[in-house]
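Architecture at a glance
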Amino acid sequence: MVSEEFGKVGSKGELYPPRKIREALGLYPNSRIRYTISPKGYLIVERVISVEDLLVSPPLAKVSTEEIEKLSESMQKKGENEFD
Amino acid sequence: MSLTRVHIDTTYLMPLFGLEPSIAHLREQFLELLTQDRFVFNYSPVSIIEIKWQVMRLIGSGYNGDLLEQKFSQALTSLKEDDRYNIVDFLDARINDVSYELRKLGHSDYFDTIIASSALWESDKLITEDNPLKLIIQEYFDKNKDSHFEKIEILTWEEYYKSTE
């Protein structure tokens with residue numbers, strides 16, 4: 001879906017995304033956003049999800065501390081064995 | 001008010017990436033600590049690599065890759081943007097030197113020794129569930145009495161959370 005809206009730059013350089021765009025991106029007062037200029041010169045505006053929002057969102061998978069440790073060690077071992 | 005610098009091991013970053021570790025109440029307790037503005041949570045890029053490996057393993061075993069990768073990117077941006085979290089670069093000779101000292105003491109896990117070394121240089125506390133890592137740092141202090149490091153507290157999450165009450 002392409003959402004296109006037009007606006008003007010404010011007298012102090014402010015950019016005000018129109019309501020439709022704000023709603024589509026989930027931008028509310030005090031939302032954090034990230035501006036990026038792409039290599040082709042496009043301005044990308046993204047909402048930054050807060051750490052708090054991430055912590056309350058439902059988990060996608062269970063992974064134990066032991067599993068983290070085990071896989072990390074096995075990946076490192078793989079690297080070491082490359083030199084055998 | 002000065003902030004306490006707390007180095008968190010990989011496990012405690014996992015909930016941000018949509019992964020649920022086996023530590024009771026971690027999410028709720030972390031949310032509560034974040035409201036207090038008393039701590040800076042340091043972490044190492046090697047923890048992010050460890051999480052990435054888990055994400056790849058999960059995708060390989062049939063989990064929804066689009067969702068996991070979307071969450072992974074969101075978490076990277078959130079961590080970067082949030083002043084309460086601080087990444088400790090490991091491409092640093094000082095961190096490498098201490099990591100090597102810890103490996104010479106018998107701790108073969110390079111990533112663990114990077115996490116420990118980062119904590120020794122940059123933090124007041126290290127939070128980890130990894131008991132062998134805790135023991136090797138204690139041994140490091142025992143064998144290096146004139147080390148230029150202050151002893152740091154090494155706690156499990158449960159111990160740390162209790163200490164903040």
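Described below are features of the structure shown in this document. (Residues numbered from 1 in each chain as written. Chains lettered and ligands numbered in written order. Predicted model: local features only at pLDDT ≥ 70, side-chain atom pairs only at ≥ 80, totals over all residues.)

1. Topic: the overall build of chain A
A count of helices and strands for chain A gives three helices and three strands. Secondary structure elements of chain A occur, N-terminal to C-terminal, as α-β-β-α-β-α. Seen through its principal axes, chain A has C-alpha atoms that stretch 65 × 35 × 30 Å. Per-residue burial for chain A yields a buried fraction of 7% across its 84 residues. (Helix = DSSP H or I, 4+ residues; strand = E, 2+ residues; numbered from the N terminus. Buried ≥ 20, exposed ≤ 12 C-beta atoms within 10 Å, placed from the backbone.)

2. Overview of the packing of helix H4 (residues 93-104) of chain B against helix H5 (residues 110-122) of chain B
All names here are of chain B. Close contact between H4 and H5 brings their axes to 8 Å; oriented N to C, the two are set at 125°. In terms of axis orientation, H4 runs oblique to H5. The interaxial crossing formed by H4 with H5 has right-handed handedness. Touching Arg94, Ile95, Val98, Ser99, Leu102 and Arg103 of H4 are Tyr110, Thr113, Ile114, Ala116, Ser117, Ser118, Leu120 and Trp121, all from H5. Across the contact of H4 with H5, the residue classes break down as eight nonpolar, four polar and two charged. (Axes fitted to C-alpha atoms, helices over the stretch in contact; angles between N-to-C directions. Parallel < 35°, antiparallel > 145°, perpendicular 65-115°, else oblique. Left-handed = near helix turned anticlockwise from the far one by under 90°. Contact = placed C-beta atoms within 7 Å. Nonpolar A, V, L, I, M, F, W, Y, C, P; charged D, E, K, R; others polar.)

3. Side note on the interface of chain B and chain A
Counting residues at the interface gives 34 residues for chain B, matched by 23 residues for chain A. Secondary structure elements with two or more residues in the side of chain B that touches chain A: strand S2 (19-20), helix H1 (26-34), helix H2 (45-60), helix H3 (65-81) and H5 of chain B. Among the elements that line the side of chain B that touches chain A, the one with the most residues is H3(B), at eight residues. Class assignment for the residues of the side of chain B that touches chain A results in 16 nonpolar, eight polar and 10 charged. Where strand S3 (residues 61-62) of chain A and S2(B) come together, two bridges link them in parallel fashion. The partner of A:Lys62 across the bridge, within S2(B), is B:Glu20. (Pairing = 2+ DSSP bridges.)

4. Focus: the nonpolar core
All names here are of chain B. Residues Ile8, Leu13, Phe17, Ala116 and Ile127 are the most contacted members of the largest nonpolar core, which totals 39 residues. With six residues, H5 is the single largest residue contributor to this core. Once you skip the residues sitting within four places of it in the chain, Ala116 turns out to touch Leu102, Leu126, Leu133 and Ile137. (Core = buried A, V, L, I, M, F, W, Y, C linked by C-beta atoms within 7 Å.)

5. Topic: unusual backbone geometry
Although it is not a glycine, A:Asn30 adopts a positive phi angle of roughly 75°. Judged by the 6 C-beta atoms lying within 10 Å of it, A:Asn30 falls in the exposed class. A positive phi angle, close to 65°, is found at B:His25, a residue other than glycine. Position of B:His25 relative to the elements: it lies in the loop between S2 and H1. By C-beta crowding, B:His25 is classed as exposed, having 11 other C-beta atoms within 10 Å.

6. Section: the sheet that holds strand S5 (residues 125-127) of chain B
All names here are of chain B. Judged by pairing direction, the sheet is parallel, and its five strands sit side by side in the order S4-S3-S1-S5-S6 without closing on themselves. The open sheet has two edge strands with one neighbour each: strand S4 (85-87) and strand S6 (153-155). The average undirected angle you get between the axes of adjacent strands in this sheet is 25°. In this sheet, S4 lies alongside strand S3 (residues 39-43) in parallel orientation, the contact comprising three bridges. Pairing of Phe41 across the sheet is with Tyr85, part of S4. Against the sheet, H5 touches strand S1 (4-8), S3 and S5, its axis set at about 175° to S1.

7. As for H4(B)
Residues and elements named next belong to chain B. Across its 12 residues, H4 extends 16 Å between first and last C-alpha, which sits within 8% of the 16 Å expected from 1.5 Å per residue. Buried residues of H4: Ile95, Val98, Ser99 and Leu102, and no others. Projected down its long axis, H4 carries its buried residues within an arc of 105°, all on one side. In H4, those exposed residues whose orientation departs by more than 90 degrees from the buried face are Ala93, Asp97 and Lys104. At the exit of H4 stands Gly106, carrying a positive phi of roughly 115°. (Expected span 1.5 Å × (residues − 1). Arc of directions from axis to C-beta.)

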